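One-letter residues, chain by chain:
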Amino acid sequence: MQPSRKPRVVLTYGTFDLFHHGHVNLLRRLADLGTELIVGCSTDAFNQIKGKQCVMSYEQRRTILESCRYVDRVIPEDTWEQKRCDIVNYNVSTFAMGDDWTGKFDDLQDIAQVLYLPRTPEVSTTELRAQIGDRERRAMGR
Ligand code: C2G
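Residues numbered from 1 in each chain as written. Predicted model: local features only at pLDDT ≥ 70, side-chain atom pairs only at ≥ 80, totals over all residues. Heavy atoms only, no water.

(A) Region of the structure containing the sheet that holds strand β2 (residues 36-42). Judged by pairing direction, the sheet is parallel, and its five strands sit side by side in the order β3-β2-β1-β4-β5 without closing on themselves. Edge positions in the open sheet fall to β3 (73-77) and β5 (113-117), since each of these has one partner strand only. Recorded for the sheet is a direction-independent mean angle of 25 degrees between the axes of neighbouring strands. Direction of pairing for strand β1 (residues 9-14) relative to strand β4 (residues 92-98): parallel, over a ladder of three bridges. When the bridges of β4 are listed, Val9 appears paired with Val92. Running over the sheet, helix α3 (residues 58-67) touches β2 and β3 and is turned about 165 degrees from β2. (Pairing = 2+ DSSP bridges. Helix = DSSP H or I, 4+ residues; strand = E, 2+ residues; numbered from the N terminus. Axes fitted to C-alpha atoms, helices over the stretch in contact; angles between N-to-C directions. Contact = heavy atoms within 4.5 Å.)

Right, here's the structure in full:
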């Protein structure tokens, strides 16, 4: 009988557009840090605030995240400021992001462990969109 592990909630946020293996690598490592992984998925309105053009809607991106084996719960991310409340409300032990965010959320260290994990090299939503565009242009003979 496995001794039941002390509950340890891990929290992260992101847009997760065109879900790719870089996202999966991050979520898998985050899931290994605790007993429950919560993902704050940026809403379409918040992506406008972030200046991010998305291919997929919030509903589509949330559906994909909820299907991921490493994710236990998906919540909407509507503002930059909600992290502190979410950490308290969901009893979060560890807040973690990819290391392109290094230092940006250190102010949360008074209420949670804050980690920045290495990004997966050579893949990004932006890069995928560019590759698709290039291939379409080549197929059209332009
Ligand atoms: N990521 C990664 N490796 C990649 C691409 C992304 O580890 N090759 C990580 C990012 O570092 C981030 C997460 O995957 O932690 C989600 O990336 P995005 O969808 O680009 O999210 P972002 O726009 O960084 O939004 O309040 C925080 C923001 O909502 C984060």
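(B) Fine view of the nonpolar core. Formed by 15 residues in total, the largest nonpolar core has its most connected members in Leu27, Leu30, Leu37, Val39, Leu65 and Val71. When residues of this core are traced back to their parent elements, those giving at least two are α1 (21-31), β2 and α3. Those residues in contact with Leu65 that sit more than four places away from it in its chain are Phe16, Phe19, Leu27, Val39, Cys41, Val71 and Val74. Judged by nonpolar contacts, the second largest core, of 14 residues, contains Val92, Phe95, Phe105 and Val114. (Core = buried A, V, L, I, M, F, W, Y, C linked by side-chain atoms within 4.5 Å. Buried < 20%, exposed > 50% of the residue type's maximum accessible area, 1.4 Å probe, protein only.)

(C) The arrangement of the pattern of salt bridges in detail. Under the defined criterion, the tally for this structure stands at eight salt bridges. The shortest N-O distance in the salt bridge between Arg62 and Glu66 comes to 3.7 Å. One end of the pair is Arg62 and the other is Glu66, both in helix α3 and four residues apart, which spans about a single turn. Glu77 is paired through a salt bridge with Lys83; the nearest N and O atoms lie 3.4 Å apart. By the burial criterion, Glu77 is buried, and Lys83 matches it. Members of the salt-bridge network, linked through shared partners, are Glu59, Arg62 and Glu66. (Salt bridge = Lys/Arg side-chain N within 4 Å of Asp/Glu carboxyl O.)

(D) Spatial organisation of the packing of aromatic side chains. Overall, the coordinates contain six aromatic pairs when judged by the stated rule. When the centroid spacing of 5.9 Å and the interplanar angle of 45 degrees are considered together, the rings of Tyr13 and Phe95 count as tilted. Here the residue Tyr13 occupies a position in strand β1, and Phe95 occupies one in strand β4, the gap between them amounting to 82 residues. Accessibility expressed as a relative area gives 4% for Tyr13, which makes it buried. Note on Phe95: relative accessible area 0%, which makes it buried. Aromatic side chains Trp80 and Trp101 sit 5.9 Å apart centroid to centroid with 55 degrees between the ring planes, which places their arrangement in the tilted category. In this pair, Trp80 sits in the loop between β3 and α4 (83-89) while Trp101 sits in the loop between β4 and β5, placing the two residues 21 residues apart along the sequence. A relative accessible area of 37% means that Trp80 is categorised as partly exposed. (Phe/Tyr/Trp six-rings, centres within 6.5 Å; stacked < 30°, edge-to-face > 60°.)

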